[in-house]
Amino acid sequence: MRMRVVRAVARTTFREFWRSPEAVFWTYGFPILMAVVLGFSFRPGPLPKVPVAVVDGPQAAAMVAALGHDDRLQVERLDAAAADRALARGRVAVLVRAEQPAVLRADPTRPDAELARLLVERTLRDAAQGPPPPLAVEAETRPGARYIDFLIPGLIGLNLLGAGMWGVGFQLVQMRTHHLLRRLAVTPMRRSEFVAGYLAGRLALVLPEALAITLFGTLLWDVPFRGGFLPWTCLVLVGSFAFAGLGCLLAARVRTIEAVAGLMNAAQLPMWVLGGTFFANERLEGVMHWAAEVMPLTHLNRALRDVMLEPGTLLDVAWPLAALAAFAAACFGLALRFFRWQ
Amino acid sequence: MSGTAGPAIELRELRKTYRKKGEVVTAVDGLDLVVARGEVFGLLGPNGAGKTTTVEICEGLTEPDSGLARVLGREWRRGVDDEIRARIGVCLQETKFHEKATVRETLALFAAFFDRGRRVDEVLDLVSLREKASARQASLSGGQRQRLAVATALLGAPELLFLDEPTTGLDPQSRRQLWEVVRSVRAGDGTVLLTTHYMDEAQQLCDRVAIVDQGRVIALDTPRALIRSLGGEHCVEIDVDDFAGRVGRDDLRRLPGVVGVELSSTRAVLVLPHVESSLPGAVEALLRARGLVDHRFAVRPASLEDVFLHHTGRQLAEQEKP
Ligand SMILES: Nc1ncnc2c1ncn2[C@@H]1O[C@H](COP(=O)(O)OP(=O)(O)OP(=O)(O)O)[C@@H](O)[C@H]1O
Ligand SMILES: [Mg+2]
């Protein structure tokens, strides 16, 4: 492999990206913007009230009064149909039917359902024994346990996913549709030189970008960085390679921009939802559980949280690192095997 | 370096078919061709004749179904690929280079691929793009893009240059500039294989021309010899609204001095060694006798177009009415 050639390909690739302001924005500006917006919307403050619906009926008024003793509950009286709809849409965490005995319904996959159930149970018990004892509520505001702390490592993961997939795959397909790949293929440029230079050019910005998100979190919201910088760097790089590999693989044979966009969306969307960026995916069950567990983003996010929110070392993240590296190798292997130059 | 003796390109019984949705298209159909070193060789033929397919087989981009393709004494296979690629220069029929890159940057990228070759500035001068060196690809005109594509092919100082329709869509001045580039390559002992739709280009630029139709070579020689094979170097065109079968080939053949005739519904082309002064009158008399009152009569030198017409009965440029 001739470094001169690698450098030349890398330079050209990087330039092509850097000179497209839209691409730069969507890959690098957008995640930061999202961190800012989400960070401000989940700022520590008083614990939000838990919404509860009481279904209309003969004893509904008494039930509303009993639940009203706990001011952490936000009680709403609805008819049966409206209550069902509110529960389905997630507007209330549980609904209560005042029968003998009382019936409580909740969607168990909603994270706030469990809390709502406990609150309702206790409030009803207390209400039955006479005047309820005053309860003190303490909101968790310590750094490392807030949603923003959870979110920032996840956003790094998500950003690497986007940079790897869109950045790598999209331009490859464009070069193919423009006949540029076949033009390159008839030069003495070796394939390994092309791949190395191309990735170097595309991934040159991932470390600065991950650093930028981390700095934003630290400076604005005191998001901790408790582990080592080395394991963090390794995770960012290996994670990028894993997603770049996936991007290459998806773009290996596709002939049109539209097709690769569709493929990438199909691959990315599940990871956006289940990859553990916006909410914990540990308690998923069944198919969702397995889907989440095979996603590279899941493991990258967990490992990033290990080295940011906890004092994780290189050893602590050795497994996810190895798994991501193996995934990257498999993707690149397959991609080169099936790659279409024209 | 191996394979410096022998022809630059040798194609034997070359075949290539494409299958698309059950339909079989034979792009190259048993094509034979030998291009000597140091010559400018032209492939002339209508759309879909198989020119690009043939050239891309030579470039190692397309694999033939059968037959032999030897380039600079070597056959394409793993291991020798990069050696051949280092010695050829390629300008594909259409390539869009990196849009955000300037002319100079694009050339610098391609220059890096070659261990030895020309400097970027030298190539910029060769294709007269120096004043556009810092312009980005997206801001170039079609002709400038085409010259850039040719420039990338020249960077490796190739022994063999492939130009697939290098001048299509160019203005006459840009075309002539590219012709100069081709001539300078030949002056430096390089071989050029080019494809074109333009007879004048093939006639003026090429040492030898192969006329390709439906995947085969139907005539091959120097432009002069090809034209001379018609039997005369002058052509007379007679255009009417519609012959409607009222004038036959034999009628025209009997006109003074005529050695060859091509006839379509609206046009007759007569080939003659000399244009006799009695010809216009004879034509007029013949047409009038058959009830054709209005016609256009024009004399011009014979061209490769007539050679193509002679061999295929069709016109090279698709201007023929059904
Ligand atoms: N990749 C392909 N798949 C299917 N058919 C193809 C492919 N490439 C070429 N062909 C067909 O093969 C035939 C020859 O094509 P080719 O491009 O070699 O012609 P050409 O002489 O270069 O024409 P033009 O003057 O238009 O460039 C055409 O009928 C074309 O449709
Ligand atoms: Mg062609």
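For the structure, check the block above.
Residues numbered from 1 in each chain as written. Chains lettered and ligands numbered in written order. Predicted model: local features only at pLDDT ≥ 70, side-chain atom pairs only at ≥ 80, totals over all residues. Heavy atoms only, no water.

1. A closer look at the overall build of chain A
Summing up its helical and strand segments, chain A has 14 helices and 4 strands in all. The buried share of chain A, taken over its 342 residues, is 47%. For chain A, the share of sequence-separated contacts (at least 6 apart) that also reach a separation of at least 24 residues comes to 73%. Here chain A has roughly 16,700 Å² of accessible surface; of this, 64% comes from carbon and sulfur atoms. (Helix = DSSP H or I, 4+ residues; strand = E, 2+ residues; numbered from the N terminus. Buried < 20%, exposed > 50% of the residue type's maximum accessible area, 1.4 Å probe, protein only. Contact = heavy atoms within 4.5 Å. Areas by Shrake-Rupley, 256 points an atom, 1.4 Å probe, with all protein chains shown as cover.)

2. Focus: the site of ligand 1
All names here are of chain B. Lining the immediate environment of ligand 1, one finds 15 residues, of which Asn 47, Gly 48, Lys 51, Thr 52 and Thr 53 sit closest. In the model, an oxygen atom of ligand 1 is placed 2.7 Å from a nitrogen or oxygen of the Lys 51 side chain. Taking His 197, its side chain carries an N or O atom lying 3.3 Å from an oxygen atom of ligand 1. The fraction of the free accessible surface of ligand 1 (630 Å²) that becomes covered by protein chains is 69%. Among the secondary structure elements, those contributing two or more residues to the shell around ligand 1 are β1 (9-20), β2 (23-35) and α1 (51-58). For the shell around ligand 1, a count of residues per class yields 5 nonpolar, 7 polar and 3 charged. (Near = heavy atom within 4 Å. Polar contact = N/O pair within 3.5 Å; in protein donor to acceptor, adjacent residues only side chain to side chain. Nonpolar A, V, L, I, M, F, W, Y, C, P; charged D, E, K, R; others polar.)

3. Describing the nonpolar core
If you look at soluble globular proteins, the nonpolar side chains tend to sit buried side by side. One finds Ile156(A), Leu172(A), Phe194(A), Phe113(B) and Leu304(B) to be the most contacted residues of the largest nonpolar core, which totals 126 residues. Residues Leu43(B), Ala49(B), Ile88(B) and Leu160(B) belong to the second largest nonpolar core, which totals 31 residues. (Core = buried A, V, L, I, M, F, W, Y, C linked by side-chain atoms within 4.5 Å.)

4. Considerations on the sheet that holds β2(B)
Residue and element names in this part refer to chain B. Sheet architecture is open: 4 strands sit in the order β2-β1-β4-β5, paired in antiparallel fashion. What marks the edges here is a single partner per strand, and that holds for β2 and β5 (74-75). When β1 meets β2, the two strands line up antiparallel, connected through 10 bridges. Following the sheet pairing, Lys 16 is matched in β2 by Val 28. (Pairing = 2+ DSSP bridges.)

5. Considerations on the sheet that holds strand β7 (residues 160-164) of chain B
Backbone hydrogen bonds are what pair the strands of a sheet, in a parallel or an antiparallel way. All names here are of chain B. Spatial strand order, β6-β7-β8-β3-β9-β10: 6 strands in an open sheet with mixed pairing. Here the strands that pair on one side only, and so sit at the sheet edges, are β6 (88-91) and β10 (216-221). Ignoring strand direction, the axes of neighbouring strands in this sheet form an average angle of 15°. With respect to the sheet, helix α6 (residues 172-187) is in contact with β3 (40-44), β7 and β8 (191-196), its orientation differing from that of β8 by roughly 155°. Along the sheet, helix α11 (residues 304-312) makes contact with β3, β9 (208-213) and β10, crossing β9 at roughly 40°. (Axes fitted to C-alpha atoms, helices over the stretch in contact; angles between N-to-C directions.)

6. A few points about a nonpolar patch on the surface
There is a patch of nonpolar side chains on the surface, built from Leu215(A), Phe216(A), Leu219(A) and Leu220(A) and spanning about 390 Å² of accessible area. Its location among the elements puts Leu215(A) in helix α9 (residues 206-221). (Patch = residues over 30% accessible without salt bridge, like charges linked within 9 Å, V, L, I, M, F, W, Y side chains within 5 Å. Salt bridge = Lys/Arg side-chain N within 4 Å of Asp/Glu carboxyl O.)

7. Some remarks on α1(B)
Helical geometry: 3.6 residues make up each α-helical turn, so side chains three or four residues apart lie on a common side. Residues and elements named next belong to chain B. Summarising burial for α1: 7 of the 8 residues are buried, a large majority. Considered for burial, the residues of α1 that qualify are Lys 51, Thr 53, Thr 54, Val 55, Glu 56, Ile 57 and Cys 58. Immediately downstream of α1, the backbone of Gly 60 shows phi near 80°, a positive value.

8. Here's the deal with unusual backbone geometry
Residue and element names in this part refer to chain B. Phi at Ser 128 takes a positive value of approximately 55°, unusual for a residue other than glycine. Within the secondary structure, Ser 128 is located in the loop between α4 (120-126) and α5 (142-154). The partly exposed category is assigned to Ser 128, whose relative accessible area is 28%. Of note in this structure, Asp 189 is not a glycine but carries a positive phi near 70°. Here Asp 189 falls in the exposed class, since its relative accessible area comes to 67%.

9. Let's talk about the interface of chain A and chain B
Counting residues at the interface gives 26 residues for chain A, matched by 27 residues for chain B. Carbon and sulfur atoms supply 55% of the area that chain A and chain B bury against each other, a total of about 2,700 Å² over both sides. Interface area lost by chain A to chain B is led by Arg19(A), Arg183(A) and Val186(A), which between them contribute 25%. At the boundary of chain A and chain B, one finds 6 salt bridges. The residue Arg19(A) makes a salt bridge to Glu105(B) at a minimum N-O spacing of 3.0 Å. (Buried area = accessible area lost by both parts, 1.4 Å probe.)

10. Observations regarding the coordination of the magnesium ion (ligand 2)
Residue and element names in this part refer to chain B. In this structure, Thr 52 (OG1) and Gln 93 (OE1) serve as the protein donors to the magnesium ion (ligand 2), at separations of 1.8 to 2.3 Å. Residue Thr 52 is found in helix α1, and its partner Gln 93 is found in the loop between β6 and α3 (103-112); the two are separated by 41 residues along the sequence. What makes Thr 52 partly exposed here is its relative accessible area of 23%. (Donors = N, O, S within 2.8 Å, 3.2 Å for Na, K, Ca; no water.)

11. Quick notes on the environment of Asp207(B)
All names here are of chain B. If you trace the backbone, Asp 207 turns up in the loop between α7 (199-205) and β9. With relative accessibility at 26%, the residue Asp 207 sits in the partly exposed group. Separated by 14 residues in the primary sequence, Asp 207 and Asp 221 have C-alpha atoms spaced 8.5 Å apart. Not counting chain neighbours up to four residues away, the residues in contact with Asp 207 comprise Gly 38, Glu 39, Val 40, Arg 186, Thr 222 and Pro 223. A polar side-chain atom of Asp 207 sits 2.7 Å from the main-chain amide nitrogen of Val 40. A distance of 2.4 Å separates a polar atom in the side chain of Asp 207 from a polar atom in the side chain of Arg 186.

12. Digging into the pattern of salt bridges
All names here are of chain B. For the structure shown, the criterion picks out 46 salt bridges over all chains. Across the pair Arg 186 and Asp 207 runs a salt bridge, and its minimum N-O distance is 2.4 Å. Here Asp 207 lies in the loop between α7 and β9 and Arg 186 lies in helix α6, a separation of 21 residues in the sequence.

13. Some words on the packing of aromatic side chains
Residue and element names in this part refer to chain A. Applying the stated criterion across every chain yields a total of 11 aromatic pairs over all chains. With 6.5 Å between their ring centres and 40° between their planes, Phe 225 and Phe 229 make a pair best called tilted. Phe 225 sits in the partly exposed class, given a relative accessible area of 29%. On the basis of relative accessibility, which here comes to 48%, the residue Phe 229 falls in the partly exposed class. (Phe/Tyr/Trp six-rings, centres within 6.5 Å; stacked < 30°, edge-to-face > 60°.)

14. A word on the pairing of strand β11 (residues 234-239) of chain B
Residue and element names in this part refer to chain B. Most of β11 sits inside the fold, with 5 of its 6 residues counted as buried. Where β11 meets strand β13 (residues 267-272), 6 bridges bridge the pair, whose relative direction is antiparallel. Bridge pairing in β13 links His 234 to Leu 272. Pairing between β11 and strand β14 (residues 296-301): 6 bridges, direction antiparallel. Residue pairing for β14: Cys 235 is matched across the bridge by Arg 300.

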